[in-house]
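Summary of the model geometry
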Amino acid sequence: MARVVVVGSINMDLVTLASRFAKPGETILGERFLTVHGGKGANQAVAAARLGAEVALVGAVGDDAFGAQLHEGLVREGVSLDHVARIADCGSGTASITVAEGENHIIVVPAANARVTPAQIEGAQSTLASADAILVQMEIPLESVEATLRLGHKLGKPVILNPAPAQKLPTEWLKLARYLTPNQHELAILLGADSDEDFVALMQRAPAPVVLTRGGDGAWFRDGGEPQHQPGFKVDAVDTTGAGDTFNAALAVFLHEGIAPAVRKACAAAALSVTKLGAQGGMPTRAELEAFL
Ligand code: RIB
């Protein structure tokens, strides 16, 4: 069983389904509202656990009702929460999500996620030291992303940096990652490049190996040689929220099989994840993934 440690955010997702997106200043009627568990860190932890990994999460929730519900949900999924802090007098992270026209718009308010500190990550050193793979995203303070990269690298562990939401990061940090897993837009921002620049060229000049997600087109990956393409799996998409998280989780869980098989499984798991509503709704179990493949 792979051991995966995820360092990242935990959010309550406030999801509105509508037939189209509202324009600035406009009010429209939506079709449905749901409150579901999310956050890139929590989503990746849940997806990895469903795929059969032993998973520990490093993060924070507030001492509000959302925090208690999010904590309970993660316990139910079998995620170890020894390093999830409960921050007093603080709200939990939220994501206001509109799903319309086959796409989503997301606004995240980090709240407790902004209180994940480098000291907390260093306090989880023995947990990180037991990992086969470490996952980190960018909904926590950048200094904590840096601390994860540095500690994971020092421990000789493969750190997968999912640079979402993207910001330009120092080359020196990026070199500490075993893999960077942006989409095309995120890769351009991460490298401070023009978003129109050819993604294969961007992959070639990234300071660490890149696994680039391309939605329905699957993924491209490069680890030294020429970039290779893994086509996407055809499914009827209901909600793409959390597809990237499922992809990253599967990549971490199956990394020990080699990058090409891991990317193939990651594409399949991500495809399954979009067939149901909510970030965690469609994340497949290992048996579901195997049956699909
Ligand atoms: O990647 C999807 C996630 O992004 C959502 O669950 C939301 O919480 C935001 O963090």
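Residues numbered from 1 in each chain as written. Predicted model: local features only at pLDDT ≥ 70, side-chain atom pairs only at ≥ 80, totals over all residues. Heavy atoms only, no water.

A few points about the site of the ligand
- Within the structure, the ligand sits among 13 residues, and Asp13, Gly39, Lys40, Glu139 and Asp245 are positioned closest to it.
- Residue Asn11 places a side-chain N or O atom 3.0 Å away from an oxygen atom belonging to the ligand.
- For the ligand, the accessible surface in isolation is 280 Å², of which the surrounding protein chains cover 96%.
- A majority-of-atoms criterion places the ligand in the largest pocket.
- Those elements that provide at least two residues to the shell around the ligand are β2 (11–17) and α1 (40–50).
- In the shell around the ligand, the residues fall into three nonpolar, six polar and four charged. (Near = heavy atom within 4 Å. Polar contact = N/O pair within 3.5 Å; in protein donor to acceptor, adjacent residues only side chain to side chain. Areas by Shrake-Rupley, 256 points an atom, 1.4 Å probe, with all protein chains shown as cover. 1 Å grid on protein atoms, 1.4 Å probe; cavity = no way out; pocket = protein on both sides within 12 Å on 5 of 7 lines; lining within 4 Å. Sits in = over half its atoms within 2 Å of the grid points. Helix = DSSP H or I, 4+ residues; strand = E, 2+ residues; numbered from the N terminus. Nonpolar A, V, L, I, M, F, W, Y, C, P; charged D, E, K, R; others polar.)

Notes on the nonpolar core
- Among the nonpolar cores identified, the biggest contains 46 residues, and Leu57, Phe247, Leu251 and Val263 are the most heavily contacted of them.
- Take this core: its biggest share by element is nine residues, from helix α10 (residues 259–273).
- Not counting residues up to four positions away in its chain, the partners in contact with Leu57 are Val6, Gly8, Ile10, Gly41, Ala42, Ala45, Leu74, Val79, Ser80, Leu81, His83 and Val84.
- One finds Ile121, Leu169, Trp173 and Ala188 within the second-largest nonpolar core, a separate group that totals 41 residues. (Core = buried A, V, L, I, M, F, W, Y, C linked by side-chain atoms within 4.5 Å. Buried < 20%, exposed > 50% of the residue type's maximum accessible area, 1.4 Å probe, protein only. Contact = heavy atoms within 4.5 Å.)

Side note on the side chain of Asn248
- Position of Asn248 relative to the elements: it lies in helix α9 (residues 243–254).
- One polar contact links the side chain of Asn248 to the main-chain carbonyl oxygen of Gly244, over a distance of 2.8 Å.
- Sequence-distant contacts of Asn248, that is, excluding residues within four places in its chain, are made with Gln44, Leu135, Ile160, Asn162 and Thr181.

Focus on the environment of Ala22
- Note that Ala22 resides in the loop between β2 and β3 (32–38).
- Exposure remark for Ala22: the relative accessible area of 42% places this residue in the partly exposed category.
- Distance from Ala22 to Ala131, taken between C-alpha atoms, is 44 Å for residues 109 residues apart in sequence.

So, the UniProt feature "binding site: ATP" (unreviewed entry) in the protein chain
- When the UniProt feature table is mapped onto this chain numbering, "binding site: ATP" (unreviewed entry) sits at Asn183, Thr213, Arg214, Gly215, Gly216, Asp217, Gly218, Gly244 and Asp245. For the largest pocket, the lining residues among the annotations just cited are Asn183, Thr213, Arg214, Gly215, Gly216, Gly218, Gly244 and Asp245.
- Tracing the backbone through its elements, the reader meets Asp217 in the loop between β11 (210–213) and β12 (219–222).
- Once residues lying within four places of it in the same chain are set aside, the contact partners of Asp217 are His229, Gln230, Pro231 and Gly232.
- The exposure class assigned to Gly244 is partly exposed, which follows from its relative accessible area of 36%. (UniProt positions renumbered as here; feature names shortened; annotations may be inferred.)

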